[in-house]
Amino acid sequence: MSENKESDWLIASEPFEVYKSKADYPLADETYKIIGACMEVHRELGRGFLEAVYKDALEIVFEDLKILYEREKKY
């Protein structure tokens, strides 16, 4: 495995930089927002809490960002 070099990592500041067009990945905006919300929760809380704490925090962030969700939906 190679050393961690800057050239080894793909850093995308916008969700569509990796894809040529929105048609290649139609849910990129939604995915970008959801992953951003998860990262915000992780940054604020860190590690070591029970899963329920992260679920509660993510629920609050989703509501703040007006992201529609259904908690623990059964498939």
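Anything mentioned here points back to the structure above.
The structure contained in this document is the topic of the report that follows. These numbers were taken from a predicted model, which means no experiment stands behind them.

**Digging into the packing of helix α1 (residues 28-45) against helix α2 (residues 51-64)**
- One way to put it is that α1 packs onto α2 with a least axis distance of 9 Å and a crossing angle of 125°. In terms of orientation, α1 and α2 fall into the oblique class. As α1 packs across α2, the resulting crossing turns out to be right-handed. Along the contact surface, α1 presents I34, A37, C38, E40, V41 and L45, while α2 presents V53, Y54, A57, L58, V61 and F62.
- Classifying every residue of the contact of α1 with α2 by side-chain character gives 11 nonpolar, no polar and one charged.

**Concerning the packing of aromatic side chains**
- Tallying each qualifying case throughout the model produces two aromatic pairs.
- Where F49 meets Y54, the ring centres are 6.0 Å apart and the plane angle is 75°; that geometry is what we call edge-to-face.
- Its relative accessible area of 45% is what places F49 among the partly exposed residues.
- Owing to a relative accessible area of 22%, Y54 belongs among the partly exposed residues under this scheme.
- Ring geometry for F62 and Y69: centres 5.7 Å apart, planes at 45°, overall tilted.
- Taking relative accessible area as the criterion, F62 reaches 10% and is therefore assigned buried.

Definitions and cut-offs
All residue numbers refer to position in the chain's written sequence, counted from 1. For this predicted model, a pLDDT threshold of at least 70 governs which residues receive local features, and a threshold of 80 or more governs which side-chain atom pairs are given and counted, while totals over whole chains, interfaces and linings are taken from all residues. Neither water nor hydrogens contribute to the side-chain values; these are computed over all heavy atoms in the structure. Angles here are taken between N-to-C directions and fall from 0 to 180 degrees, while the axes themselves are lines fitted to C-alpha atoms, restricted in helices to the stretch in contact. Helical segments are the DSSP runs of H or I of at least four residues, strand segments are the runs of E of at least two, and each set is numbered from the N terminus. When describing relative orientation, an angle under 35 degrees is termed roughly parallel and one over 145 degrees roughly antiparallel, while 65 to 115 degrees is termed roughly perpendicular and anything else oblique. Each crossing is labelled by how the near helix is turned from the far one, with a counterclockwise turn of less than a right angle marking it left-handed and a clockwise turn marking it right-handed. A contact between two residues is defined here by any heavy atoms of the two lying within 4.5 Å. Nonpolar residues are Ala, Val, Leu, Ile, Met, Phe, Trp, Tyr, Cys and Pro. Charged residues are Asp, Glu, Lys and Arg, and all others, Gly as well, are polar. Each Phe, Tyr or Trp ring (for Trp, its six-membered ring) is paired with any other whose centre lies within 6.5 Å, and the angle between the two planes then decides the class: stacked below 30 degrees, edge-to-face above 60, tilted in between. Per-residue accessibility, obtained with a 1.4 Å probe over protein chains only, is compared with the maximum for each type, and a residue is labelled buried under 20%, exposed over 50%, and partly exposed between these values.

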